[in-house]
Amino acid sequence: MRPDLSRADLWREDCYIAGVWRSGDERIAVDNPANGETIGSVPFMGTAETEEAVTAADAALPEWQRLTGKERGAILRRWAALMLEHCEDLARITTAEQGKPLAEARGEVVYAAAFLEWFGEEARRVRGEVLTPHASDRRLVVSRRPIGVVGAITPWNFPLAMITRKAGPALAVGCTFVIKPSEFTPFSAMALALLGEEAGIPPGVFNVVTGDAPAIGEVLTEDVRVGKFTFTGSTAVGKMLAARCAGTVKRVSLELGGNAPFIVFEDADIDAAVEGAITSKFRNTGQTCVCANRFIVHDDVYERFAEKLAARVGQMIVGAGLEGPSDQGPLIDERALAKVEDHVADALARGGRLLAGGKRHAAGANFYTPTVIVNVAPDARLCHEETFGPVAGLIRFRTEDEAIRLANDTRAGLAAYAYTRDASRHWRLSEQLKYGMVGLNTGLVSTEVAPFGGVKESGIGREGSHLGIDDYLETRLACIAV
């Protein structure tokens, strides 16, 4: 069943190529993870349609680039305004296909629109420079030009924000865009395309293709007309796609998996740390790449933090987002739930003890109770693999050096969190934790005005902030004889 919308035409079940809504004989069914009901379908497209989308994007480049940054920025800001105007409908679409609580979905709409607004403002701030020449009869002018057609593949956990965080800077500087959204959450992308059309995005500048993931991915990574490829998703898939891009030496940006530590020191404000843990760990049912994955807690406050966290978790309302107030929705599918169960069983088999949860929830087939496990062994799977679910496993430590060693014991390097009132320790942690983002006394680090991205095997490049525009530009030199 489709969600009730104030504006019914925002629910689109066709792809968007060259400014035309396209259907097809083959379809992909899309289910609501909260109840398993089919809510619609989208076209199963492949190589030919993706090549058409790239052709359209390539053809639209000259005219789009000829607009001034101010003109492109105005379109992006109108796009953002339309998103906010239709916030409730967009939130209901997202909740229906992704499962997150409606309040979280509303928050995602605002967050996603913020990237369009931000990069709409940054569109007229792309700067070049004139260098001091090496000879009296030469002039050296450096300019920064749009890289061209951008191919993008985005995940299901933030179906609006993961698109605008990429499309915003790309369109701002004069690139055109071909996006393959997740087959779990395509309707958010379609609604976004419709609002973009209304905002004034010309045909071919923003294209949406759904269907055969390997075939679509092959075109986006190997077509020579695509100048840049951007991906958010698992580390394993990101590595494979990056390798394919090497054949045409594309610019690549990757936002991949995490294994975030959440360190609670002996001097921490425990109540604040618990609330930060709820925000970081249980937002979107633990299905975010920056979720706390391991809780590393000082021995002196371990029991107090564990008890307070378990009590707070026990107050969370679990349920379908469109059926009433809820703090936590379902996992995306049965496979995701099975992974959570495996991680919990492994932690308990290695000596862990349940303080809360640890079982499926009666709300539906894909629901799992918010879970807290104490006495987790450092070699447990949940310490070394991204759980992507509502499970908090607690490990003890005694010294700062030990906490940092445990936190850095991973090939992931996306986000880390720490709670301490020691200002000197703030500096040490920000310098010694090997992560692209460090949250100190906060469980939320993502904002459009700051760079988002990881180190090590968590990715390449940054999204958001003034730095987020760099990956869509190339530097050119004009050496002029005078």
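Cut-offs used in this document
Each chain carries its own residue numbering, running from 1 in the direction its sequence is written. Note on the predicted model: pLDDT of at least 70 is required for a residue's local features to be given, and 80 or more for side-chain atom pairs to be given and counted; whole-chain, interface and lining totals, by contrast, use all residues. Water and hydrogen atoms play no part in the side-chain values, which are based on all heavy atoms of the structure. Put simply, buried Ala, Val, Leu, Ile, Met, Phe, Trp, Tyr and Cys residues joined by side-chain atoms within 4.5 Å make one nonpolar core. The buried label applies to any residue whose accessible area, calculated with a 1.4 Å probe on protein chains only, is under 20% of its type's maximum; exposed applies above 50%, and partly exposed to all values in between. Starting at the N terminus, helices and strands are each numbered in turn, a helix being any DSSP run of H or I of at least four residues and a strand any DSSP run of E of at least two. What makes two residues a contact is simply this: any of their non-hydrogen atoms within 4.5 Å. Only the contacting stretch of a helix is used when fitting its axis, a line to C-alpha atoms as for every element, and angles between N-to-C directions run 0 to 180 degrees. Each angle gets one of four labels, with under 35 degrees taken as roughly parallel, over 145 as roughly antiparallel, 65 to 115 as roughly perpendicular, and the rest as oblique. Basically, the charged four are Asp, Glu, Lys and Arg, the nonpolar ten are Ala, Val, Leu, Ile, Met, Phe, Trp, Tyr, Cys and Pro, and anything else, Gly included, counts as polar. To be clear, the arc concerns the directions from the helix axis to the C-beta atoms. Whether two strands pair depends on DSSP finding at least two bridges between them. Here is how to tell: hold the view so the strands point away, follow the path from the first strand over the helix to the second, and if it runs clockwise the crossover is right-handed. What counts as a salt bridge is simple: a side-chain nitrogen of Lys or Arg found within 4 Å of a carboxyl oxygen of Asp or Glu. Counting of polar contacts relies on pairs of N or O atoms within 3.5 Å, with two restrictions inside protein: one atom must be capable of donating a hydrogen and the other of accepting it, and residues adjacent in sequence are counted only when both atoms are side-chain atoms.

A. Local environment of the nonpolar core. Counting 87 residues, the largest nonpolar core has Trp79, Met83, Leu171, Phe177, Val178, Phe206 and Val208 as the members making the most contacts within it. Among the elements that make up this core, the one with the highest residue count is helix α4 (residues 102-122) (10 residues). Leave out the neighbours within four places in its chain, and phenylalanine 177 touches Ala57, Val150, Ala152, Lys166, Ala167, Ala170, Leu171, Val205, Phe206 and Asn207. In terms of nonpolar packing, the next biggest core, distinct from the first, is built from 34 residues, Ile270, Ala277, Ala292 and Tyr419 among them.

B. How the structure looks around the environment of histidine 426. If you trace the backbone, histidine 426 turns up in helix α14 (residues 423-432). Residue classification places histidine 426 among the partly exposed positions, given a relative accessible area of 22%. Placed 124 residues apart in sequence, histidine 426 and tyrosine 302 show a C-alpha to C-alpha distance of 20 Å. Excluding residues within four positions of it along the chain, histidine 426 makes contact with Thr420, Leu440 and Asn441.

C. Inspection of the packing of α4 against helix α5 (residues 161-173) at higher detail. Relative orientation of the contacting elements α4 and α5 amounts to 10°, with a least axis distance of 8 Å. By the criterion of interaxial angle, the relationship of α4 to α5 is roughly parallel. Between α4, through Glu108, Tyr111, Ala112, Phe115, Leu116 and Phe119, and α5, the contact on the second element is made entirely by Ala161, Thr164, Arg165, Gly168, Pro169 and Ala172. A per-class count over the contact of α4 with α5 returns 8 nonpolar, 2 polar and 2 charged.

D. Spatial organisation of helix α8 (residues 235-245). Taken residue by residue, α8 has Gly238, Leu241 and Cys245 as its buried positions. Along the axis of α8, the buried residues cluster in a sector spanning 70°; they form a single face. Away from its buried face, by an angle of more than 90 degrees, α8 presents the exposed residues Ala236 and Ala243. Elements in contact with the buried residues of α8: β7 (149-153), α7 (213-222), β10 (226-232) and β11 (251-255).

E. Broad picture of the side chain of serine 465. Checked against the element boundaries, serine 465 lands in the loop between β19 (459-460) and β20 (473-481). Accessibility expressed as a relative area gives 0% for serine 465, which makes it buried. If sequence neighbours within four positions are ignored, serine 465 has contacts with Trp118, Phe119, Glu448, Val449, Ala450 and Pro451.

F. Focus on the pairing of β11. The buried fraction of β11 is high, at 4 of 5 residues. In this sheet, β11 lies alongside β10 in parallel orientation, the contact comprising 5 bridges. Bridge pairing links threonine 232 to glutamate 255 in β11. Note that the unit made of β10, α8 and β11 has a crossover that is right-handed. Bridge count for β11 against β19 is 2 bridges, and the pairing is antiparallel.

G. Just the pattern of salt bridges, in detail. Using the criterion set out here, one finds 35 salt bridges in the structure. Here arginine 476 and glutamate 474 are joined by a salt bridge, their closest N and O atoms 3.0 Å apart. Accessibility expressed as a relative area gives 41% for arginine 476, which makes it partly exposed. On the accessibility criterion, glutamate 474 (26% relative accessible area) is partly exposed. Each of Glu266, Asp267, Glu400, Arg425 and Arg428 takes part in a single network of salt bridges with overlapping partners.

H. Representation of the sheet that holds strand β17 (residues 415-419) in the model. Taken together, the 7 strands give an open sheet; going across it, the order is β14-β15-β16-β13-β12-β17-β18, and neighbouring strands pair in mixed fashion. Two strands in the sheet have a free side with no partner beyond their single neighbour: β14 (353-356) and β18 (437-440). Strand-to-strand twist in this sheet, taken as the mean axis angle between neighbours without regard to direction, amounts to 25°. Of the strand pairs in this sheet, β14 and strand β15 (residues 371-374) are connected by 3 bridges, and their pairing is antiparallel. Following the sheet pairing, arginine 353 is matched in β15 by valine 374. Contacts from helix α10 (residues 302-314) reach β12 (260-264), β13 (292-298), β14, β15 and β16 (391-397), with the element oriented near 170° to β16. Against the sheet, helix α11 (residues 334-349) touches β14, β15 and β16, its axis set at about 25° to β15.

I. Just α7, in detail. Listed as buried for α7 are Ala215, Ile216, Gly217, Val219, Leu220 and Thr221. Those residues of α7 that are buried lie in contact with α1 (47-66), β7, β8 (176-180), β10 and α8.

J. Spatial organisation of the side chain of asparagine 207. Along the chain, asparagine 207 turns up in strand β9 (residues 206-208). We classify asparagine 207 as buried; its relative accessible area is 0%. At 2.9 Å, the side chain of asparagine 207 and the backbone oxygen of glycine 204 are in polar contact. Apart from residues lying up to four places away in sequence, asparagine 207 is in contact with Tyr16, Ile17, Ala18, Ala53, Ala56, Ala57, Phe177, Val178 and Ile179.

K. Geometry of the pairing of β13. The buried fraction of β13 amounts to 7 of the 7 residues, a majority that puts the element mostly inside the structure. Bridge count between β12 and β13: 5 bridges; the pairing is parallel. Bridge pairing in β13 places valine 264 opposite valine 297. Viewed along the sheet, the connection from β12 through helix α9 (residues 270-282) into β13 turns out right-handed.

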